[in-house]
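Fold and contact review
In case you want the letters, here they are:
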Amino acid sequence: MVTIVGIGPGNKKFITTYALERIKEADVLVGGRRHLEEFKDIDCEKIMINASTDYHSILNKEGNIVILASGEPSLYGIAEVILKYVDKKQLEIIPGISSIQYMCAKLKITMNDLAVVSLHGRTEDLVKKVKENKKVAIFTDDTHTPQFVAAMLKEENLQDRKIHVGENLSYDTERIYSFTVEELLNCNKKFDLNVVVITCGNI
Ligand SMILES: C[S@@+](CC[C@H](N)C(=O)[O-])C[C@H]1O[C@@H](n2cnc3c(N)ncnc32)[C@H](O)[C@@H]1O
């Protein structure tokens, strides 16, 4: 049996009781370094994943294979990869709080009309999404940084937008910033793990 467990933005406070139960029952616990570190106390085989992981051999192991997924596994998460290898009947997905949900709660904005874009290891038409939506949330990476987003907005003459950056969400080092496009372009801080939310008007 394979279980993908959404563990939320990172801090264990935000994981569901059911997700914790399934993690405790794991024979094989699979995840990135940041996630496995949170579960050092679980006594089972641990496999750290990276970009070149051979999922086929991991998923053929005996017993309960539990895969730790950041945030919500089905929102630009690991579920997309695992579904290519595992029959749906052999798979359970336990939802988690997405880093974007968490960020919207912090900003106190509703998600009804929020568009979500991922620039994490992929490209999507961010400009089109920003032109069509008053709120856009973005998963970033080391190349597609908050400053990269600001530069793109300036190039498209979308300087009236506000850019909110949520860094290390849910951890003790969490910081939430709000910038104008110009302010962010002039900011040379290298942000740690982050999501960006773009808003328009008085939101
Ligand atoms: C592959 S995506 C997975 C997103 C995940 N499925 C979710 O719902 O949060 C990874 C990206 O999520 C964001 N992220 C995940 N955890 C975060 C956190 N604690 N603080 C800020 N951003 C986070 C970052 O943009 C990171 O590059």
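Scroll up to find the structure.
Along each chain, numbering runs from 1 in the same order as the chain's sequence is written. Owing to the predicted nature of the model, reporting of local features is limited to residues with pLDDT of at least 70; listing and counting of side-chain atom pairs is limited to 80 or more, with chain, interface and lining totals taken over all residues. With hydrogens and water stripped out, all remaining heavy atoms of the structure feed into the side-chain values.

Describing the sheet that holds strand β5 (residues 91-94)
Paired strands, as defined in this entry, are two strands with at least two bridges between them according to DSSP. Strands here mean DSSP runs of E at least two residues long; helices mean DSSP runs of H or I at least four residues long; both are numbered from the N terminus. Strand order across the open sheet formed by five strands is β3-β2-β4-β1-β5, with parallel pairing between neighbours. Looking at strand neighbours, the two that pair on one side only are β3 (45-48) and β5, the edges of this open sheet. Adjacent strand axes in the sheet meet at a mean angle of 20° when their direction is disregarded. Note that strand β1 (residues 2-6) and β5 share four bridges and pair parallel. Looking at β5, one finds that V2 is bridged to L91. Axis lines are fitted through C-alpha atoms, for helices just across the contact stretch, and the angle between N-to-C directions can take any value from 0 to 180 degrees.

Concerning the pairing of strand β10 (residues 194-199)
Only protein chains enter the calculation, and the probe is 1.4 Å; a residue is then buried if its accessible area is under 20% of its type maximum, exposed if over 50%, and partly exposed in between. Among the six residues in β10, six count as buried, and that is most of the element. Every second residue of β10 is oriented toward a common face, with N194, V196 and I198 on one face and V195, V197 and T199 on the other, all of them buried. In this structure, strand β7 (residues 135-139) lies alongside β10, joined through five bridges in antiparallel fashion. Along β10, the bridge assignment pairs F139 with V195. By the bridge criterion, six bridges tie strand β8 (residues 162-167) to β10 in an arrangement that is antiparallel. In the sheet register, V165 faces β10, and the bridge partner there is V196.

Considerations on the sheet that holds β8
With mixed pairing, the five strands of this open sheet are ordered in space as β6-β7-β10-β8-β9. On the outer flanks of this sheet lie β6 (114-118) and β9 (175-180), each paired with one strand and no other. Between one strand axis and the next, the sheet turns through 20° on average, direction left out of account. Looking at chain direction, β8 and β9 are connected through six bridges and run antiparallel. Paired with G166 across the two strands is I176, which belongs to β9. Throughout, a residue-residue contact means that at least one pair of heavy atoms, one from each residue, lies within 4.5 Å. Helix α5 (residues 99-107) rests against β6, β7, β8, β9 and β10 of the sheet, and its axis sits at about 55° to β10. Across the sheet, helix α7 (residues 146-155) is in contact with β7, β8 and β10; its angle to β10 comes to roughly 25°.

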